[in-house]
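# Secondary and tertiary structure notes
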Amino acid sequence: MCITVLANPGQNILIPSPGFPIYKMIANCLGVECRHYTLLPERRWEADLDHMESLIDSNTAAIVVNNPSNPCGSVFSKQHLLDILNVAQTHFVPIIADEIYEHFVFKGEQYYSMSMLSKVVPILSCSGLTKRFLVPGWRLGWITIHDRHNVFSKEVHSGLLALSQRIVGSNTLVQGALGTILTKTPQSFHDETIAVVQANAELAYSILSETPGLKPVMPSGAMYMMVEIQMEMFPKFKTDLELVERLISEESVFCLPGGAFDLPGFIRLVLTVPDTHMKEACIRIKQFCETHCHVPTLRYEGTFQTTEEYKMEPEPKSQYGLRAKSNIPESENKIRVN
């Protein structure tokens, strides 16, 4: 609804990369161009502001900001959100704030709504029951208009009202129960949910950080973790999709390939499974990578010379109970580096 009401055919919107694919799908159906601004994994998935600004022109209708992020699990700092608002204000572009994970923030992290920080930029903020209350089938959400200077008053208000009457909404039972759901759900339910997801994130990060060929990025919220695949260490696979398909067939573990989020060379993990399943899945991923990674783990012995011997470690066991694997036969455990 937000994209429909703000953008006309032939205009463009800015969306994050990686990002949830529904933005692009909706925009394409409306004849609206999507321009992808980069999120930087080395900076905990902050937006590349210079890149974002370079994409804006006179036809830019909105900037989509997803915070906390699906698929990255990032939670933007207050200063970073202010920097994004500054870009939007400079170019007179409104913001669509996808904040469906606003309450899904890990302990020790701080969430800021863009509407709290904006003094000038008009914002359409989207949220709902789906994620916080773990009820995806209900599909009950809302759009909040934050517009201190009445930029949206003439067309956007009436447009959203018209669209809400045209589009089939959630069932009436859930709508009738909304007040009770929001005010009488015990806080302990939300606290326990966040604790489970955060513990799973820490568990997955600890295992996958020790996995050859993978570089997980620790999330700060939401339900997901993005993991970089160092594809050059897996020469058997041309793409992340091929690796994911083999992972399913060999280990019965499914992860979404990064290409689904416009970021090839990554996979996305969902962190809402029971902790025993999370641990088992990560152990299987580690075992898979140890099997297919073409760079063996080596231990250097002696002073370095151009023809010095290196020796493979004798099949140590990791703290997770896996026996380290090597594709090198035992008779070839000693190799020479020239």
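In the block above lies the structure referred to throughout.
Because the structure is predicted, anything quoted here is derived from the model rather than measured. (Residues numbered from 1 in each chain as written. Predicted model: local features only at pLDDT ≥ 70, side-chain atom pairs only at ≥ 80, totals over all residues. Heavy atoms only, no water.)

### Overview of the overall build of the protein
As a reminder of what qualifies: Secondary structure elements follow DSSP: runs of H or I no shorter than four residues count as helices, runs of E no shorter than two count as strands, and numbering proceeds from the N terminus. For every residue, the accessible area (1.4 Å probe, protein chains only) is compared with the maximum for its type, and the residue is labelled buried under 20%, exposed over 50%, or partly exposed between those bounds. Contact criterion: two residues are considered in contact whenever any of their non-hydrogen atoms come within 4.5 Å of each other. Only the protein chains shown count as cover for residues, and the accessible areas themselves come from Shrake-Rupley with a 1.4 Å probe.
The helix and strand tally for the protein stands at 10 helices and 14 strands. Residues classed as buried in the protein amount to 46% of the 338 residues present. Pairs at least 24 apart in sequence give 65% of the contacts found in the protein among residues at least 6 apart. Surface summary for the protein: the accessible area is close to 17,600 Å², and the carbon and sulfur share equals 53%.

### Focus on the pattern of salt bridges
Rules: Definition used for salt bridges: Asp or Glu carboxyl oxygen within 4 Å of a side-chain nitrogen of Lys or Arg.
The full count for this structure, using the stated rule, is 7 salt bridges. One salt bridge in this structure joins Arg35 and Asp57, with 2.9 Å as the shortest N-O distance. Residue Arg35 is found in strand E2 (residues 33-40), and its partner Asp57 is found in the loop between helix H3 (49-54) and strand E4 (60-66); the two are separated by 22 residues along the sequence. Its relative accessible area of 19% is what places Arg35 among the buried residues. Here Glu46 makes a salt bridge to Arg43, at a shortest N to O gap of 3.0 Å. Judged by relative accessible area, Arg43 falls into the partly exposed class, the value being 45%. The network of salt bridges with common partners includes Glu33, Arg35 and Asp57.

### Some points on the packing of aromatic side chains
Where we set the bar: Each Phe, Tyr or Trp ring, with Trp reduced to its six-membered ring, pairs with another whose centre is within 6.5 Å; inter-plane angles below 30 degrees give stacked pairs, above 60 give edge-to-face pairs, and intermediate values give tilted ones.
Under the defined criterion, the tally for this structure stands at 4 aromatic pairs. A centroid spacing of 6.4 Å and a plane angle of 80° characterise the contact between Phe20 and Tyr23, whose relative ring orientation is edge-to-face. A relative accessible area of 8% places Tyr23 in the buried class. Ring centres of Phe237 and Phe288 lie 6.0 Å apart, and the angle between their planes is 20°; on these two criteria the pair is classed as stacked.

### Observations concerning empty space enclosed by the protein
The condition is simple: Only protein atoms enter the 1 Å grid used here, on which a cavity is any set of points holding a 1.4 Å probe that cannot leave and a pocket is any open set flanked by protein within 12 Å on both sides along at least five of seven lines; residues with an atom within 4 Å of a point are listed as lining. Grid points are joined across faces, edges and corners, and a volume is the space filled by probe spheres set on the points. Polar here means any residue other than Ala, Val, Leu, Ile, Met, Phe, Trp, Tyr, Cys and Pro, which are nonpolar, and Asp, Glu, Lys and Arg, which are charged; Gly is therefore polar.
The tally for this structure, following the rule as stated, stands at 2 cavities of 30 Å³ or more. Counted as a void, the largest cavity has a volume near 40 Å³. What lines the largest cavity is simply Pro16, Pro18, Tyr37, Leu39, Asn66, Ser69, Ser74 and Phe76. Grouping the amino acids of the lining of the largest cavity by side-chain chemistry returns 5 nonpolar, 3 polar and no charged.

### Thoughts on the layout of surface pockets
Considering only enclosed or pocket space, the largest pocket measures out at about 1,500 Å³ in volume. Listing elements by their share of the lining of the largest pocket, those giving two or more residues are helix H1 (2-6), helix H2 (22-29), E4, strand E5 (95-98), strand E6 (123-128), strand E7 (141-146), helix H6 (156-166) and helix H7 (172-184). Top element by residues in the lining of the largest pocket is H6. It accounts for 5 residues. Of the residues belonging to the lining of the largest pocket, the class tally is 24 nonpolar, 11 polar and 5 charged.

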